[in-house]
Amino acid sequence: MAAPTSRSGRVIPLIPVQEVAAAGQRQIQFRNPPPLALYVHIPWCVQKCPYCDFNSHAVPGTQNADRSAPAIPEDDYLTALIADLEAALPTIWGRRVDSIFLGGGTPSLLSGEAVERLLTALRSRLPLLPNAEITLEANPASVESEKFAAFRAAGVNRLSIGIQSFNPRHLQALGRAHDDHDARQAIAIAARHFDNFNIDLIYGLPGQTLSEAREDVEAALAFAPPHLSCYQLTIEANTAFAAQPPTLPEADSCADMQDAIEARLASAGYTHYETSAFARSGQQCRHNLNYWHFGDYLGIGAGAHSKLTLHDRVLRQMRWKRPEQYLAKVTAGTPIQQESAIAAVDLPFEFMLNALRLLQGFDSALFESRTSLPLLSIENELRQAECDGLIERPLQRIAPSDRGRRFLNQLLERFLVDRH
């Protein structure tokens, strides 16, 4: 069989399979661990959205009449988070934490006092970078937006607001607890207290037209957010939408929405740096960039995931998922439900699953740094992907091409291990 060629016409010789296999099966050993981030999961929401497959649970019991104090076990949960962290410290001992992300669920259900207590506890137990990015996810419900000043005073320096849409009809279809007035009010309050904030939008909504998708983007741009995340709605398993699927726009219509959103944000000065992320200069989300660079993260809280690099393996962990179960297991000293090492042969796919989401790709040296495997171990896959026009390799970088971005799943499949 003739050697494959790239789209530029140059011959791409393949490397013997035996050499690739030997490289992939070598003993891994890490000289230095990658950067470390901390993720804190708050598992409660006022209500469960029909499209959401995250580990989130409706607030137990009833709300107070003034809706200012959701019935979540705030004190008990914070105590458990701190105990969970203390139990994990030997695994990350001496490592600096570059960012903290409070995700959920709806972390903005916590009181300002609770967030201050939590961040104080984290700072006293971890060597936190002085200018660490500290993000809190928030919903635009009026009660939660009233807390934004307290969150900023507690040390949160980045807010991520789950707007999803400014269209009342689409918000209702998504089962959101806020309306378009709440959305605009929350962003205005966030902009007064935070120099750095993100707005989440979803497109491809039930019954959404191209013009409506554009209107959502224009409404967001009116607030000049430093960062925007724009996701296409997908139907995930084990959600209400999976049980009763709504009628979504056709694939071509969604592609038109994506093209229009990307073009409009580019014209407004935003860099499209990751599949769904857009930022003004210097405002990229540092916490998420660490994920996409296959950095390490410790996750505490119900259902939180960790990825931790030890000297001879990469470890994955998952905490107990249900909040009441998590609280009981932390008290018993066993917060981790699952723990396993990533097989060396699976590390290339795990790395690419993250790094190929970056539009500018990654420095080729990062692969060996994060996996302890030589780039040689995936050279055949890279060269075939280049031949098929799915990646580009300029100046020691590896990046998805425009075609690779459109067919990212097909590109990623190149790095899956056939175990048969």
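Just above, that's the structure.
On a predicted model such as this, the values are computed, not experimentally measured, just so you know.

(A) Looking closely at helix H7 (residues 180-193). For H7, spanning 14 residues, the distance from its first C-alpha to its last is 21 Å, which sits close to the expected 20 Å at 1.5 Å a residue. Among all positions in H7, only Asp182, Ala183, Ala186, Ile187, Ile189 and Ala190 are buried. The buried residues of H7 occupy one face: seen down the axis, they fall within an arc of 165 degrees. Exposed side chains of H7 directed beyond 90 degrees from the buried face belong to His181 and Arg192. Backbone nitrogen of His181 and a side-chain oxygen of the N-cap are separated by 3.1 Å at the start of H7; the cap is Asp179.

(B) Structural detail: the state of the cysteines. Tallied over the full model, the rule gives zero disulfides. Its sulfur unpaired, Cys45 is 6.3 Å from the next cysteine sulfur, which belongs to Cys52.

(C) Local environment of the sheet that holds strand E15 (residues 362-363). The strand order across the open sheet built from three strands is E15-E17-E16, with neighbouring strands paired in antiparallel fashion. A strand with exactly one partner marks an edge of an open sheet, and here the two such strands are E15 and strand E16 (391-392). Both E15 and strand E17 (residues 397-400) contribute to a ladder of two bridges, which runs antiparallel. By the bridge assignment for E17, Phe362 is matched with Ile398.

(D) Inspection of the pairing of strand E1 (residues 36-42) at higher detail. Along E1, seven of the seven residues are buried, which leaves the element largely enclosed by surrounding structure. Here E1 shows a buried face lined by Leu36, Leu38, Val40 and Ile42 and a second buried face lined by Ala37, Tyr39 and His41. In this sheet, strand E4 (residues 97-104) lies alongside E1 in parallel orientation, the contact comprising seven bridges. Its bridge partner lying in E4, Val40 is registered against Leu102. With five bridges joining them, E1 and strand E11 (residues 296-300) adopt parallel strand pairing. Counted as the bridge partner of Leu38 is Leu298 from E11.

(E) Local environment of the packing of aromatic side chains. Scanning all chains against the criterion turns up nine aromatic pairs. A ring pair is formed by Tyr77 and Tyr326, whose centres lie 5.7 Å apart and whose planes are at 55 degrees; its orientation type is tilted. Residue Tyr77 is located in helix H2 (residues 74-88), and its partner Tyr326 is located in helix H12 (residues 323-331); the two are separated by 249 residues in the primary sequence. An identical accessibility class is assigned to Tyr77 and Tyr326; each is buried. Aromatic rings pair up to connect Phe294, Phe351, Phe362 and Phe367 into one cluster. Positioned above the aromatic ring of Phe294 is the side chain of Lys307, whose terminal nitrogen or guanidinium carbon lies 3.8 Å from the ring centre. Here Lys329 stacks its cationic end above the ring of Trp320, 4.5 Å away from the centre of that ring.

Cut-off values and rules
- Residues numbered from 1 in each chain as written.
- Predicted model: local features only at pLDDT ≥ 70, side-chain atom pairs only at ≥ 80, totals over all residues.
- Heavy atoms only, no water.
- Helix = DSSP H or I, 4+ residues; strand = E, 2+ residues; numbered from the N terminus.
- Expected span 1.5 Å × (residues − 1).
- Buried < 20%, exposed > 50% of the residue type's maximum accessible area, 1.4 Å probe, protein only.
- Arc of directions from axis to C-beta.
- Polar contact = N/O pair within 3.5 Å; in protein donor to acceptor, adjacent residues only side chain to side chain.
- Disulfide = S-S within 2.5 Å.
- Pairing = 2+ DSSP bridges.
- Phe/Tyr/Trp six-rings, centres within 6.5 Å; stacked < 30°, edge-to-face > 60°.
- Lys NZ or Arg CZ within 6 Å of the ring centre and 35° of its normal.

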